[in-house]
Amino acid sequence: MTILRPALPLGRFYLDRVTRPDTRTLIAERMLDAREDYLRHHLVRGVPTMPGCFAAELAAEAAQELVPDLVVTGLRDLSFESFLKLGGGTGLSPLRLVARLRGRDDDAESAVVDVQVLGDVVSPSGTVLVRDRRHFAATVVLAAEHPRAPRWAPWPAAEAVPVVDPYHVAGGAVRLSGPFVSTTGIRLHPLGVRAWYSKPVPPDTTPGSVFDRFLTPGLLLDGLLRLAAMDLVRDRYIPVAAPTAIRRIDLYGPANDAELSALHVPVELISTPRGPFTGAEPVTRGVAMLPDGRVLLQIKDVTGFPTGYFDTFTGEHVDRSVVEDGRPLTPPTRVGAVPI
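Quick caveat, the model's predicted, so the values are computed rather than measured. (Residues numbered from 1 in each chain as written. Predicted model: local features only at pLDDT ≥ 70, side-chain atom pairs only at ≥ 80, totals over all residues. Heavy atoms only, no water.)

A. Here's a closer look at the overall build of the chain. Looking only at helices and strands, one finds 4 helices and 17 strands in the chain. Within the chain, buried positions represent 51% of all 340 residues. In the chain, 71% of the contacts between residues at least 6 apart in sequence involve partners at least 24 apart. Surface summary for the chain: the accessible area is close to 15000 Å², and the carbon and sulfur share equals 53%. (Helix = DSSP H or I, 4+ residues; strand = E, 2+ residues; numbered from the N terminus. Buried < 20%, exposed > 50% of the residue type's maximum accessible area, 1.4 Å probe, protein only. Contact = heavy atoms within 4.5 Å. Areas by Shrake-Rupley, 256 points an atom, 1.4 Å probe, with all protein chains shown as cover.)

Here it is in structure tokens:
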């Protein structure tokens with residue numbers, strides 16, 4: 001796969017003002033403003049909210065700026081502690097990305113950078129209520145070049161059950177639209193979940209726009225992360241989940257969503273096993289791959305929790321207690337959510 005990068009300011013979308021207190025530290029500031037219009041398509045309880053996977057982009061940009069002669073090849077130990085929501089006092093104080101070089105091996109041409117994403121909690125009147133609240137954290141791995149992509153072994157043929165994506169159905173706590181509709185054709189396989197990357201960035205995207213300037217394919221990562229929670233609970237309910245951590249992300253090439261959307265081949269997403277959020281020690285793997293099995297990126301070991309469930313019989317969203325308290329199931333008429 002060959003990706004031709006345009007002459008654009010890649011990796012600088014979230015870096016407005018950069019200072020370097022010392023040779024091993026970088027602090028970048030970013031005001032959340034009208035440039036975040038894209039988040040109106042990512043609503044949590046009706047409020048525009050930054051997806052957890054965008055923490056990967058924030059961290060990658062800060063680390064790349066600190067070590068510009070290397071490329072970001074992966075992230076480790078991502079934690080999502082306080083999701084960024086627009087409104088209130090969010091736009092009154094800048095977001096701060098603090099990157100610190102943990103170590104560098106010049107002979108092996110590699111480096112490790114720890115990044116924290118901080119922000120003050122400010123009241124609408126401008127009063128600072130909490131300073132340096134941590135939203136996200138991650139460790140970024142950089143190298144002279146991306147590692148060679150592994151290949152994914154084909155799964156054995158088996159009946160796959162198509163399901164709707166509950167994040168695109170009105171009435172839930174999380175509602176995604178526009179560019180965040182990044183998956184299509186979701187189906188449950190005995191070994192996990194499969195879907196197609198919908199290539200949500202149009203080919204005529206204005207150069208220098210949001211996703212054209214990202215270092216990472218944030219929309220693809222967000223879709224792949226959602227697949228990690230996809231399952232049929234009690235043969236009826238699909239979890240709507242929120243992530244709390246990702247142990248590892250590996251990137252096998254320099255491609256963001258704009259570049260992947262311009263490819264003339266399909267990209268398949270796979271997550272295995274199904275229903276990882278039910279275990280205390282989840283061991284999961286999600287990959288995005290080309291038709292020949294070459295892996296573009298992978299996610300390992302997602303941790304999270306259900307915020308609610310989508311009822312495939314009624315087409316409605318229900319509270320966790322309805323599913324998790326073991327209440328008897330009523331037999332309403334199925335509305336066609338599963339199968340489709």
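B. How the structure looks around a negative patch on the surface. Together, Asp-105, Asp-107, Glu-109 and Glu-145 make up a region of like negative charge exposed at the surface. Relative to the assigned elements, Glu-109 resides in the loop between strand 6 (95–105) and strand 7 (110–122). (Patch = residues over 30% accessible without salt bridge, like charges linked within 9 Å, V, L, I, M, F, W, Y side chains within 5 Å. Salt bridge = Lys/Arg side-chain N within 4 Å of Asp/Glu carboxyl O. Lys, Arg positive; Asp, Glu negative; His and termini not counted. Charge placed at Lys NZ, Arg CZ, Asp CG, Glu CD.)

C. Looking closely at the pairing of strand 7. By the bridge criterion, 9 bridges tie strand 6 to strand 7 in an arrangement that is antiparallel. Looking at strand 7, one finds that Asp-105 is bridged to Ser-110. Taking the residues between adjacent antiparallel strands as the criterion, strand 6 and strand 7 are bridged by 4 residues, where Glu-109 takes a positive phi near 50 degrees. Looking at chain direction, strand 7 and strand 8 (residues 128–143) are connected through 12 bridges and run antiparallel. Within the sheet, the bridge partner assigned to Gly-119 lies in strand 8 and is Arg-133. Here strand 7 folds back onto strand 8 in antiparallel fashion, the turn holding 5 residues, of which Gly-126 has a positive phi close to 105 degrees. (Pairing = 2+ DSSP bridges.)

D. How the structure looks around helix 1 (residues 54–66). Relative to the 18 Å expected for 13 residues at 1.5 Å per residue, helix 1 spans 19 Å between its end C-alpha atoms, a close match to the ideal helical length. Here helix 1 lies mainly inside the structure; 12 of its 13 residues are buried. Along helix 1, the residues classified as buried are Phe-54, Ala-55, Ala-56, Glu-57, Leu-58, Ala-59, Ala-60, Glu-61, Ala-62, Ala-63, Gln-64 and Leu-66. (Expected span 1.5 Å × (residues − 1).)

E. Region of the structure containing empty space enclosed by the protein. One pass over the structure, following the stated rule, counts 2 cavities of 30 Å³ or more. What the largest cavity holds in volume is close to 70 Å³. Of the residues in the lining of the largest cavity, the class split is 9 nonpolar, 1 polar and no charged. The space that makes up the second largest cavity amounts to roughly 50 Å³. For the second largest cavity, the full set of lining residues is Leu-224, Leu-225, Ala-228, Ser-271, Thr-284, Arg-285, Gly-286, Ile-299, Lys-300 and Val-302. Contributions of two or more residues to the lining of the second largest cavity are made by helix 2 (218–227), strand 15 (285–289) and strand 16 (295–311). Here the lining of the second largest cavity takes 3 residues from strand 16, the largest share from any one element. In terms of residue class, the lining of the second largest cavity is made up of 5 nonpolar, 3 polar and 2 charged. (1 Å grid on protein atoms, 1.4 Å probe; cavity = no way out; pocket = protein on both sides within 12 Å on 5 of 7 lines; lining within 4 Å. Points joined across faces, edges and corners; volume = space filled by probe spheres on them. Nonpolar A, V, L, I, M, F, W, Y, C, P; charged D, E, K, R; others polar.)

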